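# Structure assessment
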Amino acid sequence: MGNFCLNLKLLFSKLSPVLLFTTLGFLVMGYHPGLEDDGVYLTAVKADLNPALFPYNSEFFKVQLQATVFDGWMAHFVQWTGIPLAWAELFWQFASLFLILWACERIAGQIFAERRAQWAAVAMVAAMFTLPVAGTALNIADQHLHPRNLATALILIAIARILEGRRWHAAPVLVLALLLHPIMAALGMSFCLFLILALVQEAPFRLRTMQDSVAGAVPLGWIFSPASPSWREAVNTRGYYFLYNWAWYEWLGALAPLFLFWLLSRVAQKYGENRLARFALAVFAYGVFQQIVAMVILAPSTLERLAPLQPMRYLQLIYIFMALAAGGVMGRFLLKTIVWRWAVYLLVFNGSMFLVQWELIDDGAHLELPGVISSNPWLQAFAWIRQNTPTDAYFAVDPQYLSAPREDFHNFRALAERSQLSDADKDAAVVTQVPSLSPAWHMQQVAQAGWPHFQLADFERLKAQFGVDWVMVTYPQPTGLACPWHNEALTVCRIP
């Protein structure tokens, strides 16, 4: 019993700094369930838990999730534990951030000898969770539970095991990541292969070309079939898909880290830092290879169907390693063990990222925790709909609502828990991944064109064409609608 308590104490002493930085990172990045991509994932989990939800248009979130076990696994976790979904999502969001930082601490331990450098590396990654990744529309981590967060944690754990000389331990971890997020896992596998080569080969030039790139790792039968006009319409809403249309500063954000890792490899090699040099070499070689793959995939029109795979997402790992390396170098040469320097370091990086996130979410809480009543009028409307309308209610909402003032990209389906005609933003992103949905999406978008000027007759037309029987519109509403609820911005109405 005494040995068990001693081991438990030692384990806590090792993990408590990671827990501290996880808490700090979580508080800095914020928490926003139902935001952006969570409109697909959270909706799917809720549909698994209650099949009576979403009797209409459910294909806009169900079909895409056939490639992941995330929603089914999350639903089973809620059923097995009895933990309410809102708290289960919060738990796994925090756990995924913890695992990311724990893995980063293991990686830093292999490339930096000093503990101060290792913890400075972890602290930098924690502060940079919401760092935008060049022009990819990604952050290092998402502000809600996303399978990408969990897959990222697993990929980093696999990388740590390879650096620790236990490369076969990485295989099952990467398979689990593949089940959660196939594309990110394919990129992680690609990096692991480059890392293994960097660790075992003497000459950098023997880092041979990988045949299992992201393009080959995701076999999709529709890639070379002709693209329909409605699918192209959806794809054109995703400007970040088109690499050759990126602004100069987005190209800089993609290419500069590769140069920095090449430079780090040379400098580390010069000063005898062999592990750091080889790691930096692996990052550089992986980045160059994936950049070439992306430029090939995104250049010819014959491969336009591959654009939604977003091969530039390889940069997410690069940016994590960039934050980790930058923090480690600062910890070694600048922070050392001087307390006031550490205080300034943490304050500057965490404070600046916190202020950015505080400004981005205009009218919502920085931490949208379970049970907390929101002052955001959109979230208030979603809550009223969830609690007071029939489960089979079918809503029409402004197709551009996600970009409306004060809405902040909170998803109607995920938070109101009701069926909805397709929107012009998030459903368009789903269509790019699932081209078979493009005709239905296009038809619904055409039917909702001119929404800001809709009157009773237009809503009656939507009801006759699609069967929608409820609408959420701005307040005051057009005449003729029966509206049982409103706040200062929105009203919820029946269509007669």
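Look up: the structure comes first, before these words.
Residues numbered from 1 in each chain as written. Predicted model: local features only at pLDDT ≥ 70, side-chain atom pairs only at ≥ 80, totals over all residues. Heavy atoms only, no water.

## Some words on the overall build of the protein chain
Worth spelling out the cut-off: Going along the chain from the N terminus, every DSSP run of H or I of four or more residues is numbered as a helix, and every run of E of two or more is numbered as a strand. Residue burial is assigned from relative accessible area. The probe radius is 1.4 Å, only protein chains are included, and a residue is buried under 20% of its type maximum, exposed over 50%, and partly exposed in between. Working rule for contacts: check all heavy atoms of both residues, and any pair within 4.5 Å makes them a contact. Each accessible area is a Shrake-Rupley result for a 1.4 Å probe, and residues are judged covered by the shown protein chains and nothing else.
Helix and strand content of the protein chain: 20 helices and five strands. The burial tally for the protein chain puts 54% of its 496 residues in the buried class. Once local pairs closer than 6 in sequence are excluded, the contacts in the protein chain between residues at least 24 apart make up 71%. Carbon and sulfur atoms make up 65% of the accessible area of the protein chain, which totals about 21500 Å².

## Some remarks on a nonpolar patch on the surface
Applied cut-off: Patch definition: residues with relative accessible area over 30% and no salt bridge; like charges joined within 9 Å; nonpolar side chains (Val, Leu, Ile, Met, Phe, Trp, Tyr) joined within 5 Å. One speaks of a salt bridge when a side-chain nitrogen belonging to Lys or Arg is within 4 Å of a carboxyl oxygen belonging to Asp or Glu.
A surface patch of nonpolar side chains, amounting to about 610 Å² of accessible area, comprises Phe 259, Leu 260, Trp 262, Leu 263, Val 267 and Tyr 271. Structurally, the position occupied by Leu 260 is in helix H12 (residues 248-270). By relative accessible area, which is 46% here, Leu 260 ends up partly exposed.

## Observations concerning the side chain of His 144
Counted only if it meets this: Between N or O atoms, a polar contact is any pair within 3.5 Å; within protein, one atom must be a potential hydrogen donor and the other a potential acceptor, and residues adjacent in sequence are included only when both atoms are from side chains.
By secondary structure assignment, the location of His 144 is in the loop between helix H6 (115-127) and helix H7 (147-163). For His 144, the side chain forms a polar contact with the main-chain oxygen of Leu 35, separated by 3.2 Å. Those residues within four positions of His 144 in sequence are excluded, and the remaining contacts are Tyr 31, His 32, Pro 33, Leu 35, Asp 37, Asp 38, Gln 93 and Asn 149.

## What about the pairing of strand S5 (residues 490-494)?
The two faces of a sheet get side chains in turn, since along a regular strand they alternate between them. Defined as follows: Strand pairing is assigned whenever DSSP detects at least two bridges linking the two strands.
With four of five residues buried, S5 lies mostly within the body of the structure. Pairing of strand S3 (residues 470-474) with S5, which is carried by five bridges, proceeds in the antiparallel orientation. Considered in S5, the bridge of Val 471 is made with Cys 493. Of the strand pairs in this sheet, strand S4 (residues 482-486) and S5 are connected by three bridges, and their pairing is antiparallel. Bridged to Trp 485 within S5 is Val 492. Linkage of S4 to S5, two consecutive antiparallel strands, is achieved through a turn of three residues.

## Details of the layout of surface pockets
Our working rule: Using a 1 Å grid laid over the protein atoms alone, points where a 1.4 Å probe fits but cannot get out form a cavity; open sets with protein on both sides within 12 Å along at least 5 of 7 lines form a pocket; any residue with an atom within 4 Å of a point counts as lining. Grid points are joined across faces, edges and corners, and a volume is the space filled by probe spheres set on the points. Residues are grouped as follows: Ala, Val, Leu, Ile, Met, Phe, Trp, Tyr, Cys and Pro are nonpolar; Asp, Glu, Lys and Arg are charged; all remaining types, including Gly, are polar.
Size it by volume and the second largest pocket reaches roughly 750 Å³. If you trace the second largest pocket, you find 31 residues lining it, with Leu 369, Gly 371, Val 372, Arg 386 and Leu 415 closest to the centre. When contributions to the lining of the second largest pocket are tallied by element, the ones reaching two or more residues are helix H2 (38-49), helix H5 (85-111), helix H16 (377-388) and helix H17 (412-416). At seven residues, the largest contribution of residues to the lining of the second largest pocket is made by H16. Here the residues of the lining of the second largest pocket are counted per class, giving 18 nonpolar, eight polar and five charged.

## Here we look at unusual backbone geometry
Backbone geometry follows two general trends: most residues other than glycine have a negative phi, and most peptide bonds adopt the trans configuration. Residues Tyr 475 and Pro 476 are joined by a peptide bond in cis, for which omega reads 0°. Its location among the elements puts Pro 476 in the loop between S3 and S4. One non-glycine residue with positive phi stands out, namely Arg 406, at about 75°. Inspection of the secondary structure puts Arg 406 in the loop between strand S1 (394-397) and H17. Since its relative accessible area comes to 33%, Arg 406 is described here as partly exposed.

## Some points on the nonpolar core
Counted only if it meets this: Within this scheme, the nonpolar core is defined by two criteria: the residues are buried Ala, Val, Leu, Ile, Met, Phe, Trp, Tyr or Cys, and they are joined through side-chain atoms within 4.5 Å.
Of all hydrophobic cores here, the largest spans 141 residues; its most connected members are Ile 159 and Phe 321. By residue number, the principal contributor to this core is H5, which donates 14 residues. For Ile 159, the residues in contact, after removing those within four places along its chain, are Ile 107, Phe 191, Cys 192, Leu 195, Phe 279 and Phe 321. The next biggest cluster of nonpolar side chains, apart from the first, holds 15 residues, and it includes Trp 451, Val 468, Val 471 and Cys 493.

## What to know about the environment of Ser 265
By the secondary structure assignment, Ser 265 is in helix H12. Accessibility expressed as a relative area gives 11% for Ser 265, which makes it buried. For the pair Ser 265 and Phe 284, spaced 19 residues apart in sequence, the C-alpha separation works out to 8.5 Å. Discounting residues that sit within four places of it in the chain, Ser 265 has contacts with Ala 277, Ala 280 and Leu 281.

## As for the pattern of salt bridges
Summed over the entire model, instances satisfying the criterion amount to twelve salt bridges. Glu 417 is paired through a salt bridge with Lys 46; the nearest N and O atoms lie 2.8 Å apart. In this pair, Glu 417 sits in the loop between H17 and strand S2 (419-420) while Lys 46 sits in helix H2, placing the two residues 371 residues apart along the sequence. Residues Glu 417 and Lys 46 agree in their burial class; the two are buried.

## Digging into the environment of Ala 449
Summarising the element assignment, Ala 449 is placed in the loop between helix H19 (438-447) and helix H20 (456-466). Relative accessible area serves as the criterion here: at 52%, Ala 449 is assigned to the exposed category. Along the sequence, Ala 449 and Asp 398 sit 51 residues apart, while their C-alpha atoms lie 9.3 Å from each other.

## Considerations on helix H14 (residues 315-335)
For an α-helix the count is 3.6 residues per turn, leaving residues at separations of three or four pointing the same way. Counting buried positions along H14 gives 15 out of 21 residues, so the element sits mostly inside the fold. A positive backbone phi angle near 50° is found at Lys 336, which sits one or two residues after H14.

## Focus on the packing of aromatic side chains
Heads up, the rule is: Aromatic pairs are defined between Phe, Tyr and Trp rings, using the six-membered ring for Trp, whenever the two ring centres lie within 6.5 Å; interplanar angles under 30 degrees are classed as stacked, those over 60 as edge-to-face, and all others as tilted.
Taken as a whole, this structure holds 31 aromatic pairs when the rule is applied. Here the aromatic rings of Phe 26 and Phe 94 are separated by 5.9 Å at their centres, their planes lie at 70°, and the arrangement is edge-to-face. One end of the pair, Phe 26, is in helix H1 (residues 2-29); the other, Phe 94, is in helix H5, and 68 residues separate them in sequence. Phe 94 sits in the partly exposed class, given a relative accessible area of 24%.

Interpretation note: all reported values are geometric properties and have no functional meaning in isolation.
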